[in-house]
Amino acid sequence: MVQEVLINNDDYYVPDANQLVTENDTPVDNFASEKQQRLLVSSLYSSLQNQTFLAVANVGIYHTDGQPAIVPDVFLSLDVQVPEKWWEKQNRCYMVWRFGKPPEVVLEIVSNKEGDELGKKLQIYEHMRGSYYIIYDPNQQLGEKVLRIYELRGRRYFETSENWLEQVGLGITLWEGKFEDRQDTWLRWCYQDGTVLLTGDERAEQERQRAEQAEQRTQLLAERLRAMGVDPDTL
């Protein structure tokens, strides 16, 4: 059983970061998972520019002293940000006792049956008190469900069919489309009306299309004025 770190007001114990493994440089992802992680993270930063949060992929979370870090595929923590001196040992990964809270959302992308997403990982995230635990299983390695969403209620996770994550003000949805020239089904963040959060490239393309449509309207208006005998350049 995972034991919680108890922190008192002015007199508390903080583990020595120099004794912790903050990174091990071991590549673990496949092409699909890496691209999916990047989509989830990049769309948050391009769409929520006026909010303070931390969203990352494959960064360790130290949740309990004496226990190894757990490394979600993606996590989202609201109202926190990476410390300015991020190369210092104690700032290289997410230590719950330094940030003051666990991430609100932890997300795992299932590649095989070895990750134990429905067993040990679920128990760790539950004890860590992450508000939501999301399991995306595109190849249905764990059963028929492609998407599982767990919400923390009290001390336990309960699976929910609701894809709107009320406590973070975001939803999660499956989306058919193209990301970086790859047509597929993608897991994406969305607003309450189901509209997905755009990546930077999608936002730029949207602006390009708007500018192109505005130019077309201007040209059409100019042609109509000329047909009426009015020179639009003199207006």
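Now for a description of the structure that goes with this document. (Residues numbered from 1 in each chain as written. Predicted model: local features only at pLDDT ≥ 70, side-chain atom pairs only at ≥ 80, totals over all residues. Heavy atoms only, no water.)

From N to C terminus, the protein includes four helices and 11 strands. In the protein, which comprises 235 residues, the share counted as buried stands at 42%. Within the protein, residue pairs in contact and separated by at least 24 positions form 56% of the contacts whose partners lie at least 6 positions apart. A total accessible area of about 14500 Å² is found for the protein, and carbon and sulfur atoms account for 46% of it. (Helix = DSSP H or I, 4+ residues; strand = E, 2+ residues; numbered from the N terminus. Buried < 20%, exposed > 50% of the residue type's maximum accessible area, 1.4 Å probe, protein only. Contact = heavy atoms within 4.5 Å. Areas by Shrake-Rupley, 256 points an atom, 1.4 Å probe, with all protein chains shown as cover.)

With that settled, consider the pairing of strand β6 (residues 132–136). Every other side chain in a regular strand lies on the same face of the sheet, so the side chains alternate between the two faces. Burial of β6 is extensive: five of the five residues sit out of reach of the surface. Here β6 shows two buried faces, one formed by Tyr-132, Ile-134 and Tyr-136 and the other by Tyr-133 and Ile-135. Between strand β5 (residues 105–109) and its parallel partner β6, the chain crosses via helix α3 (residues 120–128), and the hand of that crossover is right-handed. Relative to strand β7 (residues 147–153), β6 runs antiparallel, the two being bridged by five bridges. Paired with Ile-134 across the two strands is Ile-149, which belongs to β7. (Right-handed = clockwise from strand over helix to strand, strands pointing away. Pairing = 2+ DSSP bridges.)

Attention shifts here to the sheet that holds strand β9 (residues 164–165). Taking strand neighbours across the sheet as the criterion, the three strands line up as β9-β10-β11 in an open arrangement whose pairing is antiparallel. One side of each edge strand has no neighbouring strand; the edge strands of this open sheet are β9 and β11 (182–190). Where β9 lies against strand β10 (residues 170–179), two bridges are found, and the strand directions are antiparallel. Residue Leu-165 lies in a different strand from β10, and its bridge partner there is Leu-170.

What follows is about the packing of aromatic side chains. In this description, a pair of aromatic rings is defined by centroid distance and the angle of the planes. Within the structure shown, the criterion is met by nine aromatic pairs. Taking 4.9 Å as the distance between ring centres and 55° as the angle between the ring planes, the aromatic pair formed by Tyr-125 and Tyr-133 counts as tilted. Judged by its relative accessible area of 0%, Tyr-125 is buried. Pairwise contacts between aromatic rings join Tyr-125, Tyr-133, Tyr-150 and Tyr-157 into one cluster. Across the ring face of Trp-175, the terminal group of Arg-188 is positioned such that the distance to the ring centre comes to 4.5 Å. (Phe/Tyr/Trp six-rings, centres within 6.5 Å; stacked < 30°, edge-to-face > 60°. Lys NZ or Arg CZ within 6 Å of the ring centre and 35° of its normal.)

Turning our eyes to something else, we now look at the pattern of salt bridges. Summed over all chains, the structure comprises 10 salt bridges. Between Lys-35 and Glu-180 there is a salt bridge, with its nearest N and O atoms 2.8 Å apart. In this pair, Lys-35 is assigned in helix α1 (residues 31–47) and Glu-180 in the loop between β10 and β11, connecting sequence segments 145 residues apart. When its relative accessible area of 19% is taken as the criterion, Lys-35 is described as buried. Residue Glu-180 is classed as partly exposed on the basis of its relative accessible area of 36%. Lys-121 is paired through a salt bridge with Glu-117; the nearest N and O atoms lie 4.0 Å apart. Per residue, the accessibility class of Lys-121 equals that of Glu-117, and both read buried. Here the residues in one salt-bridge network are Glu-34, Lys-35, Arg-38 and Glu-180, joined through shared partners. (Salt bridge = Lys/Arg side-chain N within 4 Å of Asp/Glu carboxyl O.)

A separate point is the nonpolar core. Residues Leu-44, Leu-76 and Trp-189 are the most contacted members of the largest nonpolar core, which totals 23 residues. Counting residues per element, the ones that place at least two in this core are α1, β1 (53–57), β3 (74–78), β5, β6, β10 and β11. Beyond its immediate stretch of four places on either side in the chain, Leu-76 contacts Leu-44, Phe-53, Leu-54, Ala-55, Pro-103, Glu-104, Val-105, Leu-170 and Trp-189. Core analysis: the next-biggest nonpolar cluster, separate from the first, contains 19 residues, Phe-75, Tyr-94, Ile-124 and Tyr-157 among them. (Core = buried A, V, L, I, M, F, W, Y, C linked by side-chain atoms within 4.5 Å.)

Our next topic: the environment of Leu-76. Mapped onto the fold, Leu-76 is located in strand β3. Exposure remark for Leu-76: the relative accessible area of 1% places this residue in the buried category. For the pair formed by Leu-76 and Pro-102, sequence separation is 26 residues and the distance between their alpha carbons is 9.4 Å.

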